[in-house]
Amino acid sequence: MAATTQSSAPAAEPQPGLGLRERKKIKTRIAIREATYRLIGRQGYDATTIEQIAEAAEVSPSTVFRYFPTKEDIVLTDEYDPLLEQELRERPADEPWFDSLRHVLRKAVGIGTSEDPEISRLRTRLMVEVPAVRSRMMESMSVTGRLLSRVIGERTGRDPDGLEVRVFAMSLIGALMEASLYWAETGQGDDLADLVERTVNVLEHGLPPRNPEDRGTPRMTS
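Residues numbered from 1 in each chain as written. Predicted model: local features only at pLDDT ≥ 70, side-chain atom pairs only at ≥ 80, totals over all residues. Heavy atoms only, no water.

1. Some words on the packing of aromatic side chains
At step 1: Following the criterion strictly, the structure yields 1 aromatic pair and no others.
At step 2: Between Lys71 and the ring centre of Tyr45, over which it is positioned, the NZ or CZ distance is 4.1 Å. (Phe/Tyr/Trp six-rings, centres within 6.5 Å; stacked < 30°, edge-to-face > 60°. Lys NZ or Arg CZ within 6 Å of the ring centre and 35° of its normal.)

Structure below.
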């Protein structure tokens, strides 16, 4: 769920019980990501090529493409969708839906903020500043939306392909993306967990009373 859990390596560390082949795959993904962050941090996004990433990660360009179809995917892809799907399914069946969401999203944010702050700042700035990254992020929303629709369908007994379920799922994903962009645009000065909580509150209760101190769109800080 890249829209709000901007993290990578910590969530992708090999876990106990995984086979050797799977552990190697995860280590390769981590190596490619770390090489990408180093290069982008040093020379910028546009100047960083797949060939340079491959050389820095000590793999072939074809290996990079096998794990990440585009350069944008290296920045955006995370390991959270399966984790969040499992967490949602494990919540008590009689728990109110929005309470389940809050629990799972708090956990996701907690994992995400364990990332190196410099990498987190770099990733979120790329989401705001690089059109290709932002466009790819919006494309990836449909994948997470379908996953969420399945879980909503199971929890509510509705058709996961029904209009209402799809609208609700994509509304949530879009709202979380906006929370992430707001966080990035304001220089990550706010607590992300608080922003996610406010986002869920808007979806559940609608717009709150207007804050007199709200003076308009925040500006990007350096």
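2. Regarding the packing of helix 8 (residues 117-129) against helix 9 (residues 131-156)
At step 1: In contact at an axis separation of 5 Å, helix 8 and helix 9 are set at 90° when each is read in the N-to-C sense. By the angle between their axes, helix 8 is roughly perpendicular relative to helix 9. The segment helix 8 lies against helix 9, with Leu126, Met127, Val128 and Glu129 engaging Pro131, Val133, Arg134 and Met137.
At step 2: Split by residue class, the contact of helix 8 with helix 9 holds 6 nonpolar, no polar and 2 charged. (Axes fitted to C-alpha atoms, helices over the stretch in contact; angles between N-to-C directions. Helix = DSSP H or I, 4+ residues; strand = E, 2+ residues; numbered from the N terminus. Parallel < 35°, antiparallel > 145°, perpendicular 65-115°, else oblique. Contact = heavy atoms within 4.5 Å. Nonpolar A, V, L, I, M, F, W, Y, C, P; charged D, E, K, R; others polar.)

3. Considering unusual backbone geometry
At step 1: Located in the positive-phi region is Glu58, a residue other than glycine, with phi close to 60°.
At step 2: Turning to its location among the elements, Glu58 is positioned in the loop between helix 3 (50-57) and helix 4 (61-67).
At step 3: Since its relative accessible area comes to 74%, Glu58 is described here as exposed.
At step 4: Positive phi, normally seen in glycine, also occurs at Gln188, with a value near 60°.
At step 5: For Gln188, a relative accessible area of 17% gives the class buried. (Buried < 20%, exposed > 50% of the residue type's maximum accessible area, 1.4 Å probe, protein only.)

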